[in-house]
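# A look at the structure
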Amino acid sequence: MTAPPAERSAECALATRRPEYRTLHADCRRTEDIPLPHGGGILLQPRCGCACHASREGSAPPA
């Protein structure tokens, strides 16, 4: 069973849909998963599902 794709944050959703708001990607605060303390793996807030944040988990920045 695979996890459903994470939803985009409000900032990234707007930046993706409207070219004039493209700079809002930098304002996204959902750059990492925030686990619920003592929650056994339950996430309090999942990382944004936008492609601009996908490469941040354990991978090197693009050259």
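Located above this text is the structure these notes cover.
Everything numeric in this text was worked out from a predicted model, so none of it was measured. (Residues numbered from 1 in each chain as written. Predicted model: local features only at pLDDT ≥ 70, side-chain atom pairs only at ≥ 80, totals over all residues. Heavy atoms only, no water.)

## Some details on the overall build of the protein chain
Along its length, the protein chain carries two helices and two strands. Counting helices and strands in the order they occur from the N terminus, the protein chain gives α-β-β-α. Within the protein chain, the fraction of its 63 residues that count as buried is 19%. Looking at the protein chain alone, contacts between residues at least 24 apart form 30% of all its contacts between residues at least 6 apart. Surface summary for the protein chain: the accessible area is close to 5200 Å², and the carbon and sulfur share equals 56%. (Helix = DSSP H or I, 4+ residues; strand = E, 2+ residues; numbered from the N terminus. Buried < 20%, exposed > 50% of the residue type's maximum accessible area, 1.4 Å probe, protein only. Contact = heavy atoms within 4.5 Å. Areas by Shrake-Rupley, 256 points an atom, 1.4 Å probe, with all protein chains shown as cover.)

## What to know about the pattern of salt bridges
The full count for this structure, using the stated rule, is two salt bridges. Of the charged contacts, one joins Arg29 and Glu11 as a salt bridge, the two residues approaching to 3.8 Å between their closest N and O atoms. Placement of the pair is Arg29 in the loop between α1 (10-17) and β1 (34-35) and Glu11 in helix α1, with a sequence separation of 18 residues. Notably, a salt bridge pairs Arg18 with Glu20, separated by 2.6 Å at the nearest N-O pair. (Salt bridge = Lys/Arg side-chain N within 4 Å of Asp/Glu carboxyl O.)

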